[in-house]
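As a plain string of letters, each chain reads:
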Amino acid sequence: MAVSAVPSATGTHEGLKFTPGPILLLGPPGVGKGTQAQELVTAWSIPQISTGDLLRSNVSRGTTLGKQAKEVMDRGELVSDELVNQMVADRLTEPDTARGYILDGFPRTLNQADWLDGYLVAIPGSFPVVAVSIEVSYNQLLRRITGRRICSLCKTSYNIYLQPPKVNEICDLDGTPLTRRSDDTEEVFEERMRAYSSLTAPVVEHYRVLGRFAEVNGEQPVDAVTAEVKGAVLRLRS
Ligand code: AP5
């Protein structure tokens, strides 16, 4: 399907005038997929679909899926393709995905990529995906993961090394104590990186070969990364 307009990255043509279609944010743990997804949600009014967030929501609600996923996630391994594909399929039926959506943390295996490619081909007139891979060095990823803290009330993300709260371990916005994700230890991070290298790096290559693919430097301030991500999506959709 053709895109209705070729808007600028910063101008007044953003928001509802642009039809972003499906956007994939690819990259290892801590690279900034969730941070950048939130920026695109604000800019283009499309939903962020984070498989990590959906799984964590199932874990905290104690659903059958959450019980199956928790131990796997705490080990830093990947939840089965079957469970994750079904979870994404269910989410994509929601009406808020009509103009597009940002997939954050999905697809993460070649099997998931094949499933998504097939799912979109089966929808008449659907946009092809554009894929943006964010690149950050290993040591920076480790600092981002081990330093991450999250407000349990408003979900604002901080980093004790890179974006600390004004008062140690307390949310600036509502005074709630900050929490740490159970998989944000150095040991689990190493396992997550192993899973990324063996199972997810081939997905990046899959989309590089397909085209409509861009790499951006994630080792810059958030705003600068956002400008690159938005620029890449607009270019790939033009
Ligand atoms: P998931 O929740 O997807 O985790 P992840 O991919 O490991 O990514 P993160 O959420 O840790 O990092 P991010 O890239 O979003 O970075 P963020 O913006 O938060 O998955 C968790 C688990 O769920 C998996 O291990 C697996 O078990 C399971 N799972 C999920 N999806 C699955 C799937 N499809 N298939 C199978 N299993 C699946 O930023 C990180 C930190 O850096 C923050 O503190 C942030 O403030 C900071 N930061 C971000 N950008 C910048 C910047 N530019 N400069 C300085 N600091 C920055």
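1. Notes on the site of the ligand
And step 1. Near the ligand there are 36 residues, and of these Thr35, Glu77, Arg148, Gln163 and Arg192 occur at the shortest range.
And step 2. The separation between an oxygen atom of the ligand and a polar main-chain atom of Gly30 is 3.0 Å.
And step 3. One of the side-chain N or O atoms of Thr51 is found 2.7 Å from a nitrogen atom in the ligand.
And step 4. Where the shell around the ligand is concerned, the elements lending two or more residues are α1 (33–44), α2 (51–61), α6 (138–147) and β6 (157–159).
And step 5. Here the residues of the shell around the ligand sort into 14 nonpolar, 13 polar and nine charged.

2. Quick notes on the packing of aromatic side chains
And step 1. A complete count under the given rule lists four aromatic pairs for this structure.
And step 2. On the numbers, 5.0 Å between centres and 70° between planes, the contact of Phe18 with Trp44 is edge-to-face. In this pair, Phe18 sits in the segment before β1 (21–26) while Trp44 sits in helix α1, placing the two residues 26 residues apart along the sequence.
And step 3. Residue class for Trp44 comes out buried when judged on its relative accessible area of 0%.
And step 4. Each member of the aromatic cluster is reached from another via a ring pair, and the members are Phe106, Trp115 and Tyr119.

What counts, and at which threshold
Residues numbered from 1 in each chain as written. Predicted model: local features only at pLDDT ≥ 70, side-chain atom pairs only at ≥ 80, totals over all residues. Heavy atoms only, no water. Near = heavy atom within 4 Å. Polar contact = N/O pair within 3.5 Å; in protein donor to acceptor, adjacent residues only side chain to side chain. Helix = DSSP H or I, 4+ residues; strand = E, 2+ residues; numbered from the N terminus. Nonpolar A, V, L, I, M, F, W, Y, C, P; charged D, E, K, R; others polar. Phe/Tyr/Trp six-rings, centres within 6.5 Å; stacked < 30°, edge-to-face > 60°. Buried < 20%, exposed > 50% of the residue type's maximum accessible area, 1.4 Å probe, protein only.

In short, the description is geometric, and any link to function would need to be established separately.
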